Amino acid sequence: MRRPFITSLLSVSFRGRDKLSTLKTEQCRRLFKNLSSVEIREKFLEYFVKQEHQKLPSSSLIPHNDKTLLFTNAGMVPFKENFLKPDTAPFKKVVTIQKCMRAGGKHNDLDNVGHTPRHHTFFEMMGCFSFGGYTKETVIRLAWNFLTKVLELPENRLRVSVLETDEKSYNFWKNEMGLSAEKIIRCDEKDNFWSMGDGEGPCGPCTEIFWDTQRDTDDEDRWLEIWNLVFMEYYRKSDGTLEKLPTPCIDTGLGMERLASVLQRKESNFEIDSFVTISEGINELMKKSLLQEETASSSINKNIIADHLRASAFLISDGVVPSNIGRGYVLRRIIRRAVRAGRQLGFRDPFLTQLYPNLIDSLGSGFYPEIRERENTVKLVLEQEEKIFLNTLEKGLNLLENVFQNTTYSNTMRIPGEIAFQLYDTHGFPIDLTELIAKERGWSVDLSGFIELQQEQKKASRNTWKSLGISEKARFTEWRSQNITPTFTGYNLIDPQDCKILGINLSDKDLVITLDNCPFYGLGGGQVADKGYIQSTDGQRWEVTDVFQPYEKALALRIRPEGNGCQDLGELDPDMLEGLKVGSVVKAVVDTDYREGAAIHHTATHLLNAALKNVLKKEVMQAGSLVENGRLRFDFTHGKQLSQDQIEQIEEWVNQAALSAIALETKELPLQDAIDSGAVASFTEKYSEVVRIIDIPNFSKELCGGTHVRNTKSIYPFKIVSEGSVAAGTRRIEAIAGQSCVGWLREQYNVFNRIAKGFKSTPAAFENQLSKLVEHNKSLQKQVSFYSEKQAIAPDQNEPIIETLQDITMKIHQIDPDFDNQFIAKRANFLKTSEPDTVHILTSNNNIMVTLDKSRYPKIHAGKVLQNILQKLGGKGGGQKEMAQGRLPNLTNVVDEVKSCLQEDILQ
């Protein structure tokens, strides 16, 4: 549907234009600047820096300080807290070029990419911001001057819109900036009033600047919105009423790709230089692969690949790895859509990484260094994900083709929900990819059926804790409404601490309380919650079984009476609860040994992260972690198994850091200052406005809210106990440190010592003895294999039962139950070769095998023969045309039962 003000724009566009005005327009078309994407970025930043704005680098695509967003989807996202509290802004005036992603949640342009000239998943948002630094009049003048004086865009091709009640902006555009009334379009709040969302928050009117593309069309595509200037003058309360803000702020957004299309005279964003560089790379790959067919659909697929390559590379460089949930699943969808687009062009092997040099060239040398610095990691993840999907893509496409050819389905031209779910669950097809393929064939997808099956799967896999978590969301509404937000005071553990109870929540299943100054850790970040107990004034002790956050800035303790772990709390004696009332003071006691174990492994995790970067000589990104009191688990981006030598180097690096006895330094800084200082952030975490830095000088510096040891000597010794793959391009290390490692090493030695003694050896001599045993075992295996081969071609020990069906000889062979399945298979192969005119059935205990020579009996299928027998007798099994095997139920006489099945129908 056309936006209401577009009609107004069109009605005044070049009204009564004659040949002279046309000539002037053509002159303007030739005169205004033609700038590359790199030049546009440089001029934008240079202009606003000269206007006393502080230039800040782009924030991550992962909004660490905003738990409401999946991705950073606008330039203002990193400054949301500053808009709420302008006094906290480090600078009054700021300019940025922000990486943005719109491919999930409310802001999702994924389905439109490649099919329209403007939609992208990843894009760059240029913006200037004021936190009480200047007024709306100033930013209007700044924006207009940048467009018309710096970029030299002709004014007669620009229009603006304002909120219909915003007289101040209207008059400024008209009287001060000199725009005629017909070039200023008044709009209602739907078009020109901006807010962060539907709830509370800063908001205000906006004015937008449009460019006339002069296309021969009367629809919205003719007018291109290039800059939105938002005046945050109000605060919307929960009841919807507006309150004037004491410090108005400014938020602007100018799409780089859109502006480039204007300055480079292109009708589509995909025709600007940064996209053309990638498209040229695709063309070169197609030529090398002899894929040169040019069609309308090939242009769409190239656009999809170019967009999705950019999006994938930036997501991976910011720490996202493909997975089946959250951001990782969005990344997986994007990569798989790109792979499918590549297949539409004819690519059958992984190709995205071959375009990486083109991606680097498209960005220029002065921007986004992470794309270069993390090139190896990005390419590794891309290639691994491509390979995984290509393994199932062909099967999925064949399944879809069968659906398209099926007359039952073609009558409705609708892919059933169960087929869509099979594609999703078995072949890794995101549902939007199935919809895209269906749409290309003029079909639709039964989404309701797909969603129903997906929900059934989620319901089946949902565990008790998750179910409890859903109910808890409603349980703590009252706490939230009372603004109960306790403070964690447990970083430096002291003696038992007196705390006041702020809230109590009792159900039949559990009892939960919250304290004003809570020494129990439960802030997440991969670290397990503390254990311990609280003691009420009446002497009753309550065991702390869990510490968690029911909502942001809250800590809750799940407790139970000591010695009554299995008691239904709904049946508690009311007298036991006398000491637990809101306002009562209790003594909080943290289990220091348990805490110390977690702290040791948390510090060890930081050193392990640093050691991986040091030993592997590359940018390794954290992809998840778990810190317990007795072990740690660390996931990181890397594409191949670590060698034993690398593992030993990592262990040595961490142990040397531990033995250096370095005192840890802890400080708090604003988030951006912390990142600028070199502190490492994890994409799996979300950070507040002020963050905590754990610094191990000369070894590691990370943002972290967890607990740590005071000195690295506490983590010695450190040992990696396992290393393996958990996903494409992601490895997992499990390790232990400190006293837990001492205990583990002692147990390993004891086990080894007991084994050595069992062989009447010593630990020192056992390795040599073990080598001799292994060689002896190999010799015995060879002998067994030799005699097994001999036995497999020997005459039957028991006379086979012979039957004839349809002039076909059937033999049932009874194999000695002492022989294993491997021998049975060898025997079957021998019988098939030596007696090709016979269909052989071999039985041993409950095992059954059918074999035949397919050249002799091309119309008989061994697997079907077996299935026919199993249908009569029960059991499970299957196989190929020449050989099939299965297991029968417990039968009194297997041979006789199988013989009874030898009827005409088993050969069908």
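Going by an unreviewed UniProt entry, the chain carries the name Alanine--tRNA ligase and comes from Basidiobolus ranarum. For the chain, the Function (unreviewed entry) comment in UniProt is given as "Catalyzes the attachment of alanine to tRNA(Ala) in a two-step reaction: alanine is first activated by ATP to form Ala-AMP and then transferred to the acceptor end of tRNA(Ala). Also edits incorrectly charged tRNA(Ala) via its editing domain." You can read under Subunit (unreviewed entry) in the UniProt record for the chain the words "Monomer."

**Q** Teacher, can you tell me more about the sheet that holds strand β34 (residues 883-887) here?
**A** With mixed pairing, the six strands of this open sheet are ordered in space as β29-β30-β31-β32-β34-β33. Looking at strand neighbours, the two that pair on one side only are β29 (801-805) and β33 (876-879), the edges of this open sheet. Going from strand to strand, the sheet's axes swing by 15 degrees on average, the running direction of each strand aside. Across five bridges, strand β32 (residues 847-851) lies against β34 in antiparallel orientation. Across the sheet, I848 pairs through a bridge with G886, a residue of β34.

**Q** Would you explain helix α12 (residues 356-363) in this entry?
**A** Since one α-helical turn is 3.6 residues long, residues separated by three or four positions face the same way. Counting buried residues in α12 gives six out of eight residues, a clear majority hidden from the surface. Buried within α12 we find Y356, N358, L359, I360, S362 and L363.

**Q** Explanation requested: the packing of aromatic side chains in the structure shown.
**A** Centre-to-centre distance and the angle between the planes together describe a pair of aromatic rings. This structure, assessed with the given rule, holds 34 aromatic pairs. Ring geometry for F44 versus F48: centroids 4.9 Å apart, planes at 55 degrees, classification tilted. Taken as a pair, F44 and F48 lie in helix α3 (residues 37-50) at a separation of four residues, close to a single helical turn. The burial state of F44 is the same as that of F48; both residues are buried. On the numbers, 5.2 Å between centres and 90 degrees between planes, the contact of F314 with Y368 is edge-to-face. Of this pair, F314 sits in helix α10 (residues 296-317) while Y368 sits in the loop between α12 and α13 (370-373); the two residues are 54 residues apart in sequence, bridging distant segments of the chain. Residue Y368 is classed as buried on the basis of its relative accessible area of 7%.

**Q** When you look at empty space enclosed by the protein in this model, what are you seeing that I'm missing?
**A** Rolled over the atoms, a probe sized like a water molecule indicates the empty space that remains. Using the criterion set out here, one finds three cavities of 30 Å³ or more in the structure. Considered as a void within the structure, the largest cavity measures approximately 110 Å³ in volume. Lining the largest cavity are Q791, P795, D796, Q797, N798, Q814, I815, D816, F819, F823 and R827. Within the lining of the largest cavity, the residues separate by chemical class into four nonpolar, four polar and three charged.

**Q** Hey, could you run me through the confidence of the model for the chain in this one?
**A** Detailed reading of the predicted model is not advised wherever pLDDT is low. Residues with a pLDDT of 70 or more make up 90% of the chain, whose mean pLDDT is 86. By mean pLDDT, the top-scoring element of the chain is helix α22 (residues 644-659) (97), and the lowest-scoring one is helix α19 (residues 464-475) (44). Long-range and interchain partners of residues 14-30, a stretch whose pLDDT sits below 50, account for 18 contacts in this model, where long-range means more than four residues apart. Counting interchain partners and residues more than four positions distant, the pLDDT-below-50 stretch residues 461-471 has seven contacts.

**Q** It is not clear to me how the side chain of E386 should be interpreted in this structure. Could you clarify?
**A** Here E386 shows up in helix α14 (residues 375-405). For the buried E386, no salt bridge exists, and the shortest N-O distance to an oppositely charged side chain is 9.1 Å, to K387. A polar atom in the side chain of E386 sits 2.9 Å from the backbone nitrogen of F351. Among the polar contacts made by the side chain of E386, one reaches the main-chain amide nitrogen of L352 at a distance of 3.1 Å. Excluding anything up to four places from it in sequence, E386 contacts V339, D349, P350, F351, L352 and T353.

**Q** Explain the UniProt feature "binding site: Zn(2+)" (unreviewed entry) in the chain here, please?
**A** As annotated in UniProt, the feature "binding site: Zn(2+)" (unreviewed entry) corresponds to H602, H606, C704 and H708 in the numbering used here. A compact arrangement is adopted by the annotated residues: their sequence extent is 107 residues, whereas the largest C-alpha distance between any two is 9.8 Å. Among the structural elements, H602 can be located in helix α21 (residues 592-616). For H602, the residues in contact, after removing those within four places along its chain, are G525, Q527, V627, C704, G706, T707 and H708. With respect to the helices and strands, the residue H606 is situated in helix α21.

**Q** I tried to follow the nonpolar core on my own but got confused; where do I start?
**A** Side chains of a nonpolar character, in soluble globular proteins, are inclined to be buried together. Residues F44, W173, I209 and W227 are the most contacted members of the largest nonpolar core, which totals 113 residues. If one sorts the elements of this core by residue count, α14 sits on top with 10 residues. Once you skip the residues sitting within four places of it in the chain, W227 turns out to touch F44, F48, A143, F146, L147, T207, E208, I209, T252, G253 and L254. Listed in part, the 33 residues of the second largest apolar core include L632, F636, L642 and I696.

**Q** Sorry, what's going on with unusual backbone geometry here?
**A** With the exception of glycine, most residues fall at negative phi, and the peptide bonds are largely trans. In this chain, Y716 is followed by P717 through a cis amide linkage whose omega measures 0 degrees. The backbone phi angle of E52 is positive, close to 65 degrees, even though this residue is not glycine. The residue E52 is located in the loop between α3 and β1 (54-55) in this model. Given a relative accessible area of 63%, E52 falls into the exposed group. A positive phi is found at N698, a non-glycine position, where the angle reads about 75 degrees.

The rules behind these values
Residues numbered from 1 in each chain as written. Predicted model: local features only at pLDDT ≥ 70, side-chain atom pairs only at ≥ 80, totals over all residues. Heavy atoms only, no water. UniProt positions renumbered as here; feature names shortened; annotations may be inferred. Pairing = 2+ DSSP bridges. Helix = DSSP H or I, 4+ residues; strand = E, 2+ residues; numbered from the N terminus. Axes fitted to C-alpha atoms, helices over the stretch in contact; angles between N-to-C directions. Buried < 20%, exposed > 50% of the residue type's maximum accessible area, 1.4 Å probe, protein only. Phe/Tyr/Trp six-rings, centres within 6.5 Å; stacked < 30°, edge-to-face > 60°. 1 Å grid on protein atoms, 1.4 Å probe; cavity = no way out; pocket = protein on both sides within 12 Å on 5 of 7 lines; lining within 4 Å. Points joined across faces, edges and corners; volume = space filled by probe spheres on them. Nonpolar A, V, L, I, M, F, W, Y, C, P; charged D, E, K, R; others polar. pLDDT = per-residue confidence, 0-100. Contact = heavy atoms within 4.5 Å. Lys, Arg positive; Asp, Glu negative; His and termini not counted. Salt bridge = Lys/Arg side-chain N within 4 Å of Asp/Glu carboxyl O. Polar contact = N/O pair within 3.5 Å; in protein donor to acceptor, adjacent residues only side chain to side chain. Core = buried A, V, L, I, M, F, W, Y, C linked by side-chain atoms within 4.5 Å.

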